[in-house]
Amino acid sequence: MRILICLFISSIISVKAFAWNEKIANISENGINALKVHTSHHETTAARPISLILISGLEGTCSKGVWFDSTVNQTAYSVALAALAAKSSIQITYNLDDISPWGNPQYCALTGIQLNK
């Protein structure tokens, strides 16, 4: 029981520590430049599940946009696709310290996305 409680507490602490360098950005109706999806045919296996939302002007080194694993985050992908198709504004949360899996700091991890009216 104590081990489970410690694991639970350590997971909360690590999540909060991970979230310290998150930023929020409001993206206008025309602010998404593109939504890029890698397919199962991509030569780099690690890049296959990764989707990119190309957005200019984010803080930190995230000058090209944000990334996320679309196989795990289907809802985030759906919201990004809906925003792009409908030209809706969105609010995103992204982590400056969690750069792309391939090591490019110009893409930061998407940690939240909100579709606006």
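**Quick word on the sheet that holds strand 1 (residues 22-27)**
Judged by pairing direction, the sheet is mixed, and its six strands sit side by side in the order 1-5-6-4-3-2 without closing on themselves. In the strand order of this sheet, the two ends are held by strand 1 and strand 2 (32-37), each with one partner. Neighbouring strand axes in the sheet, compared pairwise and without regard to direction, differ in orientation by 35° on average. Judged from the five bridges that link them, strand 3 (residues 50-55) and strand 4 (residues 65-69) form a sheet pairing that is antiparallel. Pairing of Leu54 across the sheet is with Gly65, part of strand 4.

**What about the state of the cysteines?**
Counted by the stated rule, this structure contains one disulfide. Two residues share a disulfide in this structure: Cys62 and Cys108, whose sulfurs sit 1.8 Å from each other. Negative torsions about the S-S bond denote left-handed disulfides, and the value of about -80° found for Cys62 with Cys108 makes this one left-handed. Highlighted residues: Cys62 in the loop between strand 3 and strand 4 and Cys108 in strand 6 (residues 107-115), separated in sequence by 46 residues. One exposure class covers both Cys62 and Cys108, and it is buried.

**A word on the pattern of salt bridges**
Overall, the coordinates contain one salt bridge when judged by the stated rule. The residue Glu59 makes a salt bridge to Lys23 at a minimum N-O spacing of 3.5 Å. In this pair, Glu59 sits in the loop between strand 3 and strand 4 while Lys23 sits in strand 1, placing the two residues 36 residues apart along the sequence. A relative accessible area of 43% places Glu59 in the partly exposed class.

**Some details on helix 2 (residues 74-86)**
With 13 residues, helix 2 extends 18 Å from end C-alpha to end C-alpha; this agrees with the ideal 18 Å at 1.5 Å per step. The complete set of buried residues in helix 2 reads Ala76, Val79, Ala80 and Ala83. Projection of helix 2 onto a plane perpendicular to its axis shows the buried side chains occupying an angular sector of 95°, all on one side. Structural note: helix 2 exposes Ala85 and Ala86 on the side pointing more than 90 degrees away from its buried face.

Basis of the calculations
Residues numbered from 1 in each chain as written. Predicted model: local features only at pLDDT ≥ 70, side-chain atom pairs only at ≥ 80, totals over all residues. Heavy atoms only, no water. Pairing = 2+ DSSP bridges. Helix = DSSP H or I, 4+ residues; strand = E, 2+ residues; numbered from the N terminus. Axes fitted to C-alpha atoms, helices over the stretch in contact; angles between N-to-C directions. Disulfide = S-S within 2.5 Å. Buried < 20%, exposed > 50% of the residue type's maximum accessible area, 1.4 Å probe, protein only. Salt bridge = Lys/Arg side-chain N within 4 Å of Asp/Glu carboxyl O. Expected span 1.5 Å × (residues − 1). Arc of directions from axis to C-beta.

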